[in-house]
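Listed below, chain by chain, are the residues.
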Amino acid sequence: MTKESIGIIGAGSWGIALAYLLSGNGHDVVVWTRRSEAAEKLQKDHENKDKLPGVILNESVTFTSDIEKAVKGRSILVLVVPSAHVRSTMQLIKPHIQNDQVIVNCSKGIEEGSLLVMSQVIRDALGSEFPRKNITVLSGPSHAEEVGKGVPTTIVVGSLSESLATRLQNVFMNKVFRVYISSDMKGIEIGAACKNVIALAAGIADGIGYGDNTKAALITRGITEITRLGIAAGGKPETFAGLSGIGDLIVTCASMHSRNRRAGILIGQGKSMQEAMDEVHMVVEGVYSAKAVLALSKLFDVEMPIVEQVCEVLFNNKAPKDAVSDLMVRDKKVESHKNEFPEA
């Protein structure tokens, strides 16, 4: 395996987990964080005690708040910042990036207003002179807490170039971190953004006190909504049956590692959106993506009733129980439009 020089842009839980993974694979890793005092503390401890306690990084990993040091001369940049900060972070990177560098986007969301997925935001921020094929995406069912412990995990890399996808597959993959490749970047990113909103709904149902039947219904009907939107936006149907579709949705709806589910539980218990986010003490991407996902569904004329009700609860103070009730009493539907009912 070729040793790569990698800049990880973002020192939250996922950034630290990926630093642990990539340095363990033998790569040269530097991690950027916005605040100088945070970089100094990380350099001293080699651990993010707030976001990912117990995961101790190799001494070879370095930390900086100087974006030029994190970008210049690095063959690969791994972007791990909240989706709401992707554009502003890319504007910091732009003066220092070269056209032969590769960006691996790990941020999940749809930009409110522009309705662009994150790879499109990156390209828009960098300008058309930066090669489109050098922007890639990494996604799938992968909690930082488990990756940092070496728990077997499987993800997918999306790229427009098969050779680049294979190169990144080799960079990230090891005996506990299995990597598949895909050309369907749009489908991967739509799935990644939408699943956070559905996970909020699953958490809200848990907070109300509903059971496994409700959770299964939300996951199943949730992937139906995601698939509808993803196909309308240009994604491939099989992507939503894969790791970045149903795989990521299951883990985000079912695990207490999921900040979206945890925030949803608090909302279902009666807390406001802001109170829930404050208590989770981490970025809840589903909150930032919900309005944009709903707006994108309207743009493509796609029905997403679960997403609609999540937005009603988050932004219009609708009671969670009323939202569930409204989902249950919608007009009768068939599950599949390919039904053929033979007459007796």
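All residue numbers here refer to positions counted from 1 along the written sequence of the relevant chain. For a predicted model such as this one, the threshold for reporting local features is a pLDDT of at least 70, and the threshold for listing and counting side-chain atom pairs is 80 or more; totals across whole chains, interfaces and linings nevertheless cover every residue. The side-chain numbers reported here are obtained from all heavy atoms of the structure, hydrogens and water having been left aside.

1. Some thoughts on the overall build of the protein
Alright, step 1. The secondary structure content of the protein amounts to 15 helices and 8 strands.
Alright, step 2. Note on method: radius of gyration uses C-alpha positions; expected globular size equals 2.2 Å times residues raised to 0.38. A compact globule built from 344 residues should have a C-alpha radius of gyration of about 20 Å, and the protein, at 20 Å, falls within 12% of that.
Alright, step 3. Dimensions of the protein, computed from the C-alpha atoms along their principal axes, are close to 65 × 40 × 40 Å.
Alright, step 4. When contacts within the protein are restricted to residue pairs at least 6 apart in sequence, those whose partners lie at least 24 apart make up 71%.
Alright, step 5. Per-residue accessibility takes into account occlusion by the displayed protein chains alone, with areas from the Shrake-Rupley method and a 1.4 Å probe. As displayed, the protein offers around 15700 Å² of accessible surface, 50% of which is attributable to carbon and sulfur atoms.
Alright, step 6. One finds the centroid of the 38 positive side-chain charges in the protein at a distance of 3 Å from the centroid of its 39 negative side-chain charges. The secondary structure listing takes helices from DSSP runs of H or I that are at least 4 residues long and strands from runs of E that are at least 2 residues long, numbered from the N terminus. The contact definition used throughout considers only heavy atoms, calling two residues in contact when any of these lie within 4.5 Å. Charged-residue counts in this description rest on Lys and Arg as positive and Asp and Glu as negative, His and the chain ends being excluded. Charged groups are reduced to one reference atom each: NZ for lysine, CZ for arginine, CG for aspartic acid, CD for glutamic acid.

2. Here we look at unusual backbone geometry
Alright, step 1. For His-281, which is not glycine, the phi dihedral falls at a positive 65°.
Alright, step 2. Relative to the elements of secondary structure, His-281 occurs in the loop between α12 (273-280) and α13 (285-299).
Alright, step 3. One non-glycine residue, Asp-301, lies in the positive phi region at around 55°.
Alright, step 4. By secondary structure assignment, the location of Asp-301 is in the loop between α13 and α14 (305-315).
Alright, step 5. Type-normalised accessible area, obtained with a 1.4 Å probe on protein chains alone, sets the label of each residue: buried when under 20%, exposed when over 50%, and partly exposed for intermediate values. Judged by its relative accessible area of 71%, Asp-301 is exposed.

3. Quick word on the packing of helix α8 (residues 185-208) against α14
Alright, step 1. Across the interface, α8 lies against α14 with an axial gap of 9 Å and an inter-helix angle of 65°. Relative to α14, the element α8 lies roughly perpendicular. Seen from above, α8 lies across α14 with left-handed handedness. Two secondary-structure elements touch here, α8 through Val-197, Ile-198, Leu-200, Ala-201 and Ile-204 and α14 through Ile-306, Val-307, Val-310, Val-313 and Leu-314. Here the axes come from fitting lines to C-alpha atoms, over the contacting stretch only for helices, and the angles between their N-to-C directions go from 0 to 180 degrees. Angle categories: roughly parallel below 35 degrees, roughly antiparallel above 145, roughly perpendicular from 65 to 115, and oblique for all the rest. By the definition used in this description, the sense in which the near helix is turned from the far one sets the handedness, with an anticlockwise turn below a right angle giving left-handed and a clockwise turn giving right-handed.

4. Some details on helix α11 (residues 259-268)
Alright, step 1. Most of α11 is tucked away, with 8 of its 10 residues classed as buried.
Alright, step 2. Here α11 has its buried residues at Asn-260, Arg-261, Ala-263, Gly-264, Ile-265, Leu-266, Ile-267 and Gly-268.
Alright, step 3. Looking one or two places after α11, you find Gly-270, whose phi comes out positive at around 115°.

5. So, the packing of α11 against α12
Alright, step 1. The geometry of α11 relative to α12 is characterised by a closest axis approach of 9 Å and an angle of 135° between their N-to-C directions. Taken together, the axes of α11 and α12 are oblique relative to one another. Every pair of crossing elements has a handedness; the one defined by α11 and α12 is right-handed. In contact with Arg-259, Arg-262, Ala-263, Leu-266 and Ile-267 of α11, α12 contributes Met-273, Ala-276, Glu-279 and Val-280.
Alright, step 2. Looking at the contact of α11 with α12 residue by residue, the class counts come to 6 nonpolar, no polar and 3 charged. Gly is placed with the polar residues, together with every amino acid not listed as nonpolar (Ala, Val, Leu, Ile, Met, Phe, Trp, Tyr, Cys and Pro) or charged (Asp, Glu, Lys and Arg).

6. Some remarks on the pattern of salt bridges
Alright, step 1. Take a side-chain nitrogen of Lys or Arg and a carboxyl oxygen of Asp or Glu: if they are within 4 Å of each other, that pair is a salt bridge. The tally for this structure, following the rule as stated, stands at 17 salt bridges.
Alright, step 2. In this structure, the salt-bridge partner of Lys-72 is Glu-68, at a minimum N-O distance of 3.9 Å.
Alright, step 3. Its relative accessible area of 57% is what places Lys-72 among the exposed residues.
Alright, step 4. Using a relative accessible area of 33% as the deciding quantity, one classes Glu-68 as partly exposed.
Alright, step 5. Residues Arg-261 and Asp-206 are paired through a salt bridge, measuring 2.8 Å at the closest nitrogen-oxygen approach. Here the residue Arg-261 occupies a position in helix α11, and Asp-206 occupies one in helix α8, the gap between them amounting to 55 residues.
Alright, step 6. Overall, Arg-261 belongs to the buried group, its relative accessible area being 11%.
Alright, step 7. The structure contains a network of salt bridges with shared partners spanning Lys-41, Lys-44 and Asp-45.

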